[in-house]
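Architecture at a glance
The lines below spell out each chain.
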Amino acid sequence: MSEYFVRTEQMTVGYDGKPLIRDIEIRMRQGEILTLIGPNGAGKSTILKSMTRQLKLIGGAVYLDSEVMSRMSGNDVAKKLAVVMTERIRPELMTCEDIVATGRYPYTGTLGLLTKQDREKVREAMELVHTLEFKDRDFTAVSDGQRQRVLLARAICQDPEVIVLDEPTSFLDIRHKLELLSVLKKMVLKKHMAVLMSLHELDLAQKISDYVICVHGDKIEKYGTPEEIFTSDYIHHLYGITSGSYNEHFGCLEMERPPGKPQVFVIGGNSAGIPVYRKLQRAGIPFAAGVLHRNDTDYEVAKALAAAVITEDPFFPVSSESYEKARKIMISCRKVICCTDEFGPGNQKNRDLLQEAEKIGIEIEKI
């Protein structure tokens with residue numbers, strides 16, 4: 001038996017017999033989360049639909065628990081694999097509970113009658129994703145985010161060993177994004193389930209995935225751990241980022257820095273400067289930041305947004321040389337914003353900068 005619960009061999013996918021992505025090799029064990037990322041239109045949904053038999057393969061094969069999936073019956077596949085796609089289904093006269101209950105059909109026989117145990121599984125699944133409160137409402141009358149949670153409950157209800165999800169967080173607010181991904185993680189850890197999904201939110205993909213597949217052009221360009229994938233250089237390349245930047249340490253995007261010479265000098269540190277940097281960026285005011293140690297959290301945002309950043313080596317006191325660089329830039333600015341009133345042994349020179357600004361009469365704002 002293969003150690004991989006889901007795997008593909010030389011899988012080629014596309015539409016109307018025309019290949020879009022060739023020779024896709026995916027390997028997935030139970031107890032893992034594998035996430036597809038890549039630009040819009042790259043083919044992530046096409047890969048997922050082809051793997052779940054919603055699209056016909058152009059070439060190759062998909063194996064599920066060592067069996068060729070194309071040779072398995074629909075019922076046998078449904079007992080092992082559940083699917084949550086982004087297409088909006090519009091069933092007639094079905095409540096949210098009715099929709100979830102359809103997840104039990106692989107187990108109910110030809111008459112589709114639910115047992116007491118089936119009903120309990122429906123309730124447990126709805127409780128898990130917080131949909132019980134609207135179980136009696138018409139499925140077509142609830143919000144997009146609520147529908148997405150109902151469809152996840154239906155998938156959970158199937159008792160699958162693999163769940164495949166296409167952009168499951170698309171219609172969810174922040175709370176429900178985190179809840180949904182937390183539910184998936186718990187099921188992976190407790191039930192040893194495998195999760196295969198596509199995500200647009202890079203920060204979430206970076207935090208939840210065991211492995212990441214990057215779809216780019218007509219191929220799988222890169223396949224590895226989050227640590228291997230989420231580097232600033234590679235994410236810029238994958239998405240063709242030309243405006244703004246991606247921060248690999250925070251897993252977030254930053255807007256473009258304002259053009260021009262610094263008008264404001266910001267004295268920050270220990271995350272205190274970050275809100276100020278972003279406020280100045282929103283206002284289109286170019287600024288300088290310093291003196292920052294390069295292991296300071298402020299530095300990660302400052303290097304993306306500031307016109308100039310004066311830095312010091314980690315764990316060393318701010319040197320006279322760094323102080324002088326900062327002072328020259330500061331005295332050319334019309335304003336100084338100081339985000340801290342505490343100066344430790346390592347950054348006494350920043351206190352000196354503030355005192356210099358007061359001495360020569362530069363406008364000072366303390367936050």
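Data block above holds the structure.
These notes cover the structure that comes with them. (Residues numbered from 1 in each chain as written. Predicted model: local features only at pLDDT ≥ 70, side-chain atom pairs only at ≥ 80, totals over all residues. Heavy atoms only, no water.)

Structural notes on the packing of aromatic side chains
What the rule picks out here adds up to one aromatic pair. Between Y277 and F287 the ring centres are 5.3 Å apart and the planes differ by 10°, which places this aromatic pair in the stacked class. One end of the pair, Y277, is in helix α11 (residues 274-283); the other, F287, is in strand β15 (residues 287-293), and 10 residues separate them in sequence. Note on Y277: relative accessible area 0%, which makes it buried. Among the residues examined, F287 registers a relative accessible area of 0% and is labelled buried. Between the NZ or CZ atom of R7 and the centre of the ring of Y63, over which it lies, the distance is 3.9 Å. (Phe/Tyr/Trp six-rings, centres within 6.5 Å; stacked < 30°, edge-to-face > 60°. Helix = DSSP H or I, 4+ residues; strand = E, 2+ residues; numbered from the N terminus. Buried < 20%, exposed > 50% of the residue type's maximum accessible area, 1.4 Å probe, protein only. Lys NZ or Arg CZ within 6 Å of the ring centre and 35° of its normal.)

Digging into the state of the cysteines
Taken as a whole and assessed by the stated rule, the structure comprises zero disulfides. C252 takes part in no disulfide bond, and the closest cysteine sulfur, belonging to C339, lies 18 Å away. By relative accessible area, C252 is classed as partly exposed at 21%. Its sulfur unpaired, C339 is 6.6 Å from the next cysteine sulfur, which belongs to C338. (Disulfide = S-S within 2.5 Å.)

Focus: the environment of C338
Looking at where C338 falls in the secondary structure, it is placed in strand β17 (residues 335-338). C338 sits 231 residues away from Y107 along the chain, and the two C-alpha atoms are 65 Å apart. Apart from the residues within four sequence positions on either side, C338 is in contact with I267, F343, L354, E365, K366 and I367. (Contact = heavy atoms within 4.5 Å.)

Thoughts on unusual backbone geometry
With an omega of -15°, the peptide bond running from G290 to V291 counts as cis. Along the chain, V291 falls in strand β15. Positioned with a positive phi, D16 is a non-glycine residue whose angle comes to about 50°. Along the chain, D16 falls in the loop between β1 (6-15) and β2 (18-24). According to the relative accessible area criterion, D16 is exposed, its value standing at 78%. The phi dihedral of D65 falls on the positive side, at around 55°, and the residue is not glycine. Of note, D65 is situated in the loop between β5 (59-64) and β6 (67-68).

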